[in-house]
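# Survey of secondary and tertiary structure
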Amino acid sequence: MPALPHRKTEVDVDVSLRLRTTSGPGLPVPASLHYGADDPYAIHAVFRGGDADVEWVFARDLLREGLSGPAGTGDVQVRPCPESPDARPRVLLRLSSPDGNAELEADEADVRRFLRRADALVPPGRETRHLDLDELIARLVS
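A quick note: this is a predicted structure, and the numbers were derived from the prediction, not measured.

Moving on, we come to the overall build of the chain. Along its length, the chain carries three helices and seven strands. When its helices and strands are written in sequence order, the chain yields β-β-β-β-α-β-β-β-α-α. Across the 142 residues in the chain, those meeting the buried criterion constitute 36%. Across the chain, every contact between residues at least 6 apart in sequence was considered, and the portion connecting residues at least 24 apart equals 40%. Of the roughly 9000 Å² of accessible surface on the chain, a fraction of 55% belongs to carbon and sulfur atoms.

In structure tokens form, the structure reads like this:
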């Protein structure tokens, strides 16, 4: 019997971000967005640079909602960035922590491509079909 094809359960997309600064065009920040069917509500944004990678986790819906209007009221906020200097549609990610705040611009096309791939893996509204509640409870109580 032939082997069954391996079903992809993760999506990784490299994105080009620019850290907003008070002067100049901003600083490039290499990053990637990760989505996995094993954690179907969350996106992992990994920012590479310096001595160590920095990872932020936030809701997939937050990123989607931020494409069309301001979204988020906590540590992660997303909104369209109409003041893009090169007239390319961009998305602004505002990250806040006790260590400081950062505003990062992402190319909207990169974000949409990532969300299309994540949605193909786990369609919006079907996340609960991918949750292993026993495993989740075990992680919470350990």
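Note: strand β5 (residues 76-80) against strand β6 (residues 90-97), five bridges, orientation antiparallel. Bridge pairing links Val76 to Leu95 in β6. Looking at chain direction, β6 and strand β7 (residues 100-107) are connected through eight bridges and run antiparallel. Each residue of the ladder has a partner; that of Arg94, found in β7, is Glu103. Here β6 folds back onto β7 in antiparallel fashion, the turn holding two residues.

With seven of 10 residues buried, strand β2 (residues 27-36) is to be regarded as a mostly interior element. Here strand β1 (residues 10-19) pairs with β2 via 10 bridges, running antiparallel. Following the sheet pairing, Val11 is matched in β2 by Tyr35. Two strands pair when backbone bridges link them, and β2 and strand β3 (residues 42-47) are joined in this way by four bridges, in the antiparallel orientation.

Estimated volume of the largest pocket: approximately 320 Å³. Considering the residues around the largest pocket, the lining is formed by 16 residues, among which Phe47, Val54, Trp56, Leu95 and Ala102 are closest to the centre. At the level of elements, β2, β4 (54-59), β6 and β7 are the ones that each hand at least two residues to the lining of the largest pocket. No other element matches the four residues that β7 contributes to the lining of the largest pocket. Its residues placed into classes, the lining of the largest pocket shows 10 nonpolar, four polar and two charged.

Further remarks concern the sheet that holds β7. Across a sheet, paired strands are connected by hydrogen bonds in the backbone, their directions being either parallel or antiparallel. What the seven strands build is an open sheet, ordered β4-β3-β2-β1-β7-β6-β5; its pairing is antiparallel. With one partner strand each, in any of the chains shown, β4 and β5 form the two edges of the open sheet. The sheet shows a mean angle of 30° between the axes of neighbouring strands, taken without regard to direction. Relative to β7, β1 is paired through three bridges, and the arrangement is antiparallel. Bridged to Leu17 within β7 is Ala106.

Thresholds applied
- Residues numbered from 1 in each chain as written.
- Predicted model: local features only at pLDDT ≥ 70, side-chain atom pairs only at ≥ 80, totals over all residues.
- Heavy atoms only, no water.
- Helix = DSSP H or I, 4+ residues; strand = E, 2+ residues; numbered from the N terminus.
- Buried < 20%, exposed > 50% of the residue type's maximum accessible area, 1.4 Å probe, protein only.
- Contact = heavy atoms within 4.5 Å.
- Areas by Shrake-Rupley, 256 points an atom, 1.4 Å probe, with all protein chains shown as cover.
- Pairing = 2+ DSSP bridges.
- 1 Å grid on protein atoms, 1.4 Å probe; cavity = no way out; pocket = protein on both sides within 12 Å on 5 of 7 lines; lining within 4 Å.
- Points joined across faces, edges and corners; volume = space filled by probe spheres on them.
- Nonpolar A, V, L, I, M, F, W, Y, C, P; charged D, E, K, R; others polar.
- Axes fitted to C-alpha atoms, helices over the stretch in contact; angles between N-to-C directions.

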